[in-house]
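These are the residues of each chain, in order.
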Amino acid sequence: MATPFSFGFSGDDIEEDPNDASGNTANAGGSASADNGPAPIPAQTHGLDKMLSALPSRLSYSTLRLTSPRGHTARLPRRELFDVRVQLASEDTSASSATAPGLSTSDLQTHVYEGGYKTWECAHDLIRFLLDRGPRKDLDDLVRVQHVVEMGCGTALPSALLLQYAVVNGLGIGFTLTDYNADVLRLVTVPNLFLAWVGTLARTEAPFGEGNENPLAEGGDDEGDLEVTAELVEGFRGAVRSLGIEITLVSGSWVPVEKLLDLVPSVPELNTFILASETIYSPSSLVAFTEAMVALMKRVKTGKAIVAAKRVYFGVGGSVDGFRVECARRGCVAYEMEFEGLDEEGVRRCLMEVQMY
């Protein structure tokens, strides 16, 4: 088994919120190779209905609040890590215990756990960017985007923001969310999408029952517990079904790419928008990610990717320059976008737009 990896940040090196992380690794989709480690987990899909049926009776949440350079705000509820720990402990299965290191001391265990339980800081940059450039129609008009693919999604907060936008505006957008670990999809990705939908409901909407109010509505508490009733779960199912929103969940490695492509729904006419944050932290992850990203863009008429990353991942070898080289080698161009607030706190970060030549 591969040796667990942790950057060992503490004190001022890591944010107070345990759901966030400012380390150098991320929720990747399985690197192309690893020395003396286990083989990558093969890619596979998971049914949304089955994962919704596995939701616990109560979700403990906190709220991430972010403000964009133009002053737009996001209010995104997300499941608390301690709540995930409680569920994993109660299940006590060998499958779940494989990802338990991500909830304690290990940020990354190659081909075992790829960082998906935490919200990495570049995901914040992506959310702030989408607040200004996506839902405001400046990003090729999001109304025309038919398929959103978040690679290495983890807590999936950028997709949760766009899901809220799709629900509020009645848009039938397809979402494909990939993370290396199926447990991450089950324990944080799907719960966060569910919480995001609940956050769009009015304070006294029907699913909460007479005399009960929606704690996730605007003006509610920033943290607390949500009772997960059968009515709420069915309300979520009905909402995405009636709007034509399709959610595809894929776990496992991005390579071989042919296997991944078989699992991600697509037709040539789709307008596909790919999102990723902290996916190029090592050379092997960078290569696997770029290969998969380019393959997804090549098979559609209109494809674009926005990648949020640190300029250099010290100690593990990934870099923006290396990503640009790999993109050029595969027939696409990655260029840096102007965006405020990416060089704060001594960690240089950037947002890159990627398109085919």
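Everything discussed here concerns the structure shown above.
As the structure is a prediction and not an experimental result, all values here were calculated from the model.

## Digging into the pattern of salt bridges
Part 1 of the argument: The full count for this structure, using the stated rule, is 20 salt bridges.
Part 2 of the argument: Its salt-bridge partner being Glu227, residue Arg58 comes within 2.7 Å of it at the nearest N-O pair. Within this pair, whereas Arg58 is found in strand β3 (residues 58-67), its partner Glu227 is found in strand β8 (residues 223-227), the two being separated by 169 residues in sequence.
Part 3 of the argument: The partner of Glu91 in a salt bridge is Arg186, with the nearest N and O atoms 2.7 Å apart. Taken together, the residues span a long stretch of sequence, with Glu91 in helix α2 (residues 81-91) and Arg186 in helix α6 (residues 182-198) at a distance of 95 residues.
Part 4 of the argument: Here Glu91 falls in the partly exposed class, since its relative accessible area comes to 27%.
Part 5 of the argument: Relative accessible area serves as the criterion here: at 18%, Arg186 is assigned to the buried category.
Part 6 of the argument: Salt bridges linked by common partners bring Asp49, Glu234, Arg237 and Arg241 together as one network.

## Description of the sheet that holds strand β6 (residues 147-151)
Part 1 of the argument: One open sheet holds the eight strands; their spatial order is β2-β9-β7-β6-β10-β11-β13-β12, and the pairing between them is mixed. The strands lining the two open edges of the sheet, one partner per strand, are β2 (44-46) and β12 (332-336). The average undirected angle you get between the axes of adjacent strands in this sheet is 20 degrees.
Part 2 of the argument: Relative to the sheet, helix α9 (residues 283-298) contacts β6, β10 (271-277), β11 (302-310), β12 and β13 (349-356), its axis offset from that of β11 by approximately 160 degrees.

## A short note on unusual backbone geometry
Comment: phi is negative for the bulk of residues other than glycine, and the bulk of peptide bonds are trans.
Part 1 of the argument: The peptide bond linking Val255 to Pro256 adopts the cis configuration, its omega dihedral lying at 0 degrees.
Part 2 of the argument: For Pro256, the position within the fold is in the loop between β9 (246-251) and α8 (257-263).
Part 3 of the argument: Positioned with a positive phi, Ala156 is a non-glycine residue whose angle comes to about 60 degrees.
Part 4 of the argument: Inspection of the secondary structure assignment puts Ala156 in the loop between β6 and α5 (157-169).
Part 5 of the argument: The backbone phi angle of Glu278 is positive, close to 60 degrees, even though this residue is not glycine.
Part 6 of the argument: Note on placement: Glu278 falls in the loop between β10 and α9.
Part 7 of the argument: By relative accessible area, which is 0% here, Glu278 ends up buried.

Procedures and definitions
- Residues numbered from 1 in each chain as written.
- Predicted model: local features only at pLDDT ≥ 70, side-chain atom pairs only at ≥ 80, totals over all residues.
- Heavy atoms only, no water.
- Salt bridge = Lys/Arg side-chain N within 4 Å of Asp/Glu carboxyl O.
- Helix = DSSP H or I, 4+ residues; strand = E, 2+ residues; numbered from the N terminus.
- Buried < 20%, exposed > 50% of the residue type's maximum accessible area, 1.4 Å probe, protein only.
- Pairing = 2+ DSSP bridges.
- Axes fitted to C-alpha atoms, helices over the stretch in contact; angles between N-to-C directions.
- Contact = heavy atoms within 4.5 Å.

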